[in-house]
Amino acid sequence: MAILVIAEHNNEALGASTLATLAAAQKIGADVHVLVAGSGSQSVADAAAACEGVVKVLHADNADLEHATAESLASIVKANAEGYTHILAPASTYGKNFMPRIGALLDVQPISDIVSVEDENTFKRPIYAGNAIATVQSNDPVKVITVRGTAFDAVAATGGSAEIASVDASGNISEKSKFESQELTKSERPELTAAKVIISGGRGMGSGENFQMIEEIADKLGAAVGASRAAVDAGFVPNDYQVGQTGKIVAPELYIAVGISGAIQHLAGMKDSKVIVAINKDEEAPIFQIADYGLVADLFKVLPELKEAL
Amino acid sequence: MKILVTVKRVVDYNVKVRVKDDNSGVETANVKMSMNPFCEIAVEEAVRLKEKGVATEIVVASIGPAQAQETLRTALALGADRAVLVKTEENVEPLGVAKILKEVVTKESPDMVIMGKQSIDGDNNQSGQMLAALMDWPQGTFASEVNVADGKIAVTREIDGGLETVGLTLPAVVTTDLRLNEPRFASLPNIMKAKRKPLEEMSPEDLGVDIAPRTQTLKVEAPAQRTAGIKVETVAELVEKLKNEAKVI
């Protein structure tokens, strides 16, 4: 029995989500192998081989995998799936894109976004935007699983010394789908899903310019900046700022919600944060029902004060 | 170009769902049902492609109980030309959904299938990708923009780091994200007209598809509830609490 974890990476470094996925794999048990598919990605394969508990790394390096498509990734994984009882990947937009394809190719029903491992066949996952938690048992011979990163403590990135085996992926490159371009949000701040502190703004911010007030506080706290769906839909900030059911799921030490009313959709993405602070002028806003510290006040008065006080 | 668009009938997104007392699932009896919001976006995108002259015919398909007819009628009122209901009382898993849709797609031969990226009940985010794999078609998931030109499509996708654009040969599957478009409301005359549009019914058995579930839901529980904490009066008090009580800054 062996488990294959598909690494998320940028061809230079292993993504933090992969370390959490490795933790879920180790809870299932058995030998954990990692597949790294990329281009010029030796440093990623080395990093995967150094992770705690990893016994083998499969490394598919090919110029056409610099921005690997779901079609190519699924084909590579299927070609190397023999002998694995579980195939895991992070439940990020990366993993969610190709993992269902693997399920279809192997004729198994994947299990998305697990938050706990009960045993090797049984897992918990949120449904209805996290308003219910289902315990699901799989009867398939191979379990294809995506893992919610915030639900598992990352394994150590050091201590392992796995062998690295090269995999030829040249026959698995899809001609039907081609990467054309990307526009990544550049930021010096930590990534939302990895940040210890997050400060998010909602519709109450009123404009994109006003988000500068949030950014200044974020920089003082070393925090990431997030937003509610309403703020993204209004065009205040880009889509990748969105925290919520269909955006990013976060669970930092401290989450500060500013001008966010607390729609179910948003709460689904941040209610596992350790400490939640809500700043809103509407005393009845649902966000106050889950906040550890609530401040009923005008954010335009409070944010400058907060910046000074930190 | 012919487009197949899929719709699912789900608990309305404004309903706060309640877990059943026996932990067998969530309460769906006497609860308002609607078209899954991501499917509304899919229908809207298909209709816009038809209005632009890119699409010539829109077929809308759903899998579900007899009441899913209402969801299909809504899609017809929004601009789809005809409907297919694969009727079943069973809860069909995404793998079964993909297998049923594969048969529908094989019958209809669309150039593009547009689906919601996930339904807001199961939150699986799988069916579109699985259909694409079963058809050996390319996919453009989590789409925020779709451009059709010269027998190909460019799909801009919402990814964790920002946006990514992929070029796909047709036929292809596209799944919608929130910001692809803002769905319209059906007008009363169009709702009346939709009643006369063709709606064909069939069963998974008619299509020769095995939808036996591969997973079992052992129980469904309410999540751990957070309780409201305290209200602070001033920023100074807040900062003091965060430093000395919560010790998070």
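Residues numbered from 1 in each chain as written. Chains lettered and ligands numbered in written order. Predicted model: local features only at pLDDT ≥ 70, side-chain atom pairs only at ≥ 80, totals over all residues. Heavy atoms only, no water.

A cluster of like negative charges, contributed by B:Glu89, B:Glu90, B:Glu205 and B:Asp206, occupies part of the molecular surface. With respect to the secondary-structure elements, B:Glu90 resides in the loop between strand E5 (82-87) and helix H3 (94-108). (Patch = residues over 30% accessible without salt bridge, like charges linked within 9 Å, V, L, I, M, F, W, Y side chains within 5 Å. Areas by Shrake-Rupley, 256 points an atom, 1.4 Å probe, with all protein chains shown as cover. Salt bridge = Lys/Arg side-chain N within 4 Å of Asp/Glu carboxyl O. Lys, Arg positive; Asp, Glu negative; His and termini not counted. Charge placed at Lys NZ, Arg CZ, Asp CG, Glu CD. Helix = DSSP H or I, 4+ residues; strand = E, 2+ residues; numbered from the N terminus.)

All names here are of chain A. Grouped together as the largest cluster of nonpolar side chains are 41 residues, with contacts concentrated most on Leu 22, Val 34, Val 57 and Leu 88. Considering each element in turn, this core owes the most residues, seven residues, to helix H1 (residues 16-28). Excluding its chain neighbours within four sequence positions, the residues that come into contact with Leu 22 are Val 5, Val 32, Val 34, Cys 51, Val 54 and Val 155. Within the second largest apolar cluster, 37 residues are counted, among which are Ala 227, Ala 231, Ile 256 and Val 277. (Core = buried A, V, L, I, M, F, W, Y, C linked by side-chain atoms within 4.5 Å. Buried < 20%, exposed > 50% of the residue type's maximum accessible area, 1.4 Å probe, protein only. Contact = heavy atoms within 4.5 Å.)

A full pass over the atoms with the stated rule returns two aromatic pairs over all chains. Consider the rings of A:Tyr94 and A:Phe98, whose centres lie 5.1 Å apart with planes at 75 degrees: the pair is edge-to-face. Here the residue A:Tyr94 and the residue A:Phe98 both occupy positions in helix H4 (residues 93-106), the gap between them amounting to four residues, near one helical turn. Per residue, the accessibility class of A:Tyr94 equals that of A:Phe98, and both read buried. Positioned above the aromatic ring of B:Phe142 is the side chain of B:Lys117, whose terminal nitrogen or guanidinium carbon lies 5.7 Å from the ring centre. In this structure, B:Lys231 packs its charged tip against the face of A:Phe288, placed 4.8 Å from the ring centre. (Phe/Tyr/Trp six-rings, centres within 6.5 Å; stacked < 30°, edge-to-face > 60°. Lys NZ or Arg CZ within 6 Å of the ring centre and 35° of its normal.)

The residue B:Gln139 is located in strand E7 (residues 139-149) in this model. What makes B:Gln139 buried here is its relative accessible area of 4%. Of note is the side chain of B:Gln139, whose polar atom sits 3.0 Å from the side chain of A:Arg101. Leave out the neighbours within four places in its chain, and B:Gln139 touches A:Ala70, A:Glu71, A:Asn97, A:Arg101, B:Gln129, B:Ala132, B:Val166, B:Leu168 and B:Val173. (Polar contact = N/O pair within 3.5 Å; in protein donor to acceptor, adjacent residues only side chain to side chain.)

An α-helical turn contains 3.6 residues, so a residue and the one three or four places further along point in the same direction. All names here are of chain B. Relative to the 21 Å expected for 15 residues at 1.5 Å per residue, helix H1 (residues 37-51) spans 21 Å between its end C-alpha atoms, a close match to the ideal helical length. Within the span of H1, buried status applies to Phe 38, Cys 39, Ile 41, Ala 42, Val 43, Glu 44, Glu 45, Ala 46, Val 47 and Leu 49. Within two residues after H1, Gly 53 carries a phi angle of roughly 85 degrees, on the positive side. (Expected span 1.5 Å × (residues − 1).)

We now examine the packing of H4(A) against helix H4 (residues 127-135) of chain B. Where H4(A) contacts H4(B), the axes come no closer than 8 Å and their chain directions differ by 50 degrees. Of the possible angle classes, the one that applies to H4(A) and H4(B) is oblique. Judged by the sense of rotation from one axis to the other, the crossing of H4(A) with H4(B) is right-handed. Contacts between H4(A) and H4(B) involve A:Lys96, A:Asn97, A:Pro100, A:Arg101, A:Gly103, A:Ala104 and A:Leu105 from the first element and B:Gln129, B:Met130, B:Ala132, B:Ala133 and B:Leu134 from the second. (Axes fitted to C-alpha atoms, helices over the stretch in contact; angles between N-to-C directions. Parallel < 35°, antiparallel > 145°, perpendicular 65-115°, else oblique. Left-handed = near helix turned anticlockwise from the far one by under 90°.)

What follows deals with the interface of chain A and chain B. With 83 residues of chain A at the contact, the number on the chain B side is 76 residues. Buried area between chain A and chain B, summed over both chains or domains, comes out near 6700 Å², and the portion from carbon and sulfur atoms is 52%. Run the count over chain A and chain B and you get seven salt bridges. When the shortest N-O distance is used, the salt bridge between B:Lys99 and A:Asp107 registers 2.8 Å. Tallied by class, the residues present in the side of chain A that touches chain B amount to 36 nonpolar, 24 polar and 23 charged. (Buried area = accessible area lost by both parts, 1.4 Å probe. Nonpolar A, V, L, I, M, F, W, Y, C, P; charged D, E, K, R; others polar.)

Applying the stated criterion across every chain yields a total of 33 salt bridges over all chains. Measuring nitrogen to oxygen at the nearest pair gives 2.8 Å for the salt bridge that ties B:Arg226 to A:Asp292. You can see B:Arg226 sitting in the loop between strand E12 (215-221) and strand E13 (230-232) and its partner A:Asp292 sitting in the loop between strand E15 (275-280) and strand E16 (293-296), one on each of two chains. For B:Arg226, a relative accessible area of 22% translates into the label partly exposed. The class of A:Asp292 is partly exposed, set by a relative accessible area of 23%. Linked by salt bridges that have partners in common, A:Asp107, A:Asp140, B:Lys99 and B:Arg214 make up one network.

Averaged over all residues, the pLDDT of chain B equals 97, while 100% of them reach at least 70. For this predicted complex, the interface score ipTM comes out at 0.95, while the overall pTM is 0.94. (pLDDT = per-residue confidence, 0-100.)

On to unusual backbone geometry. Following B:Leu170, the chain continues into B:Pro171 via a peptide bond in cis, with omega recorded as 0 degrees. Mapped onto the fold, B:Pro171 is located in the loop between strand E9 (162-169) and strand E10 (172-176). Look at A:Asp107: it is not a glycine, yet its phi comes out positive at around 55 degrees. Positive phi, close to 60 degrees, is recorded for B:Asn23, a residue that is not glycine. Relative to the assigned elements, B:Asn23 resides in the loop between strand E2 (9-11) and strand E3 (33-35).

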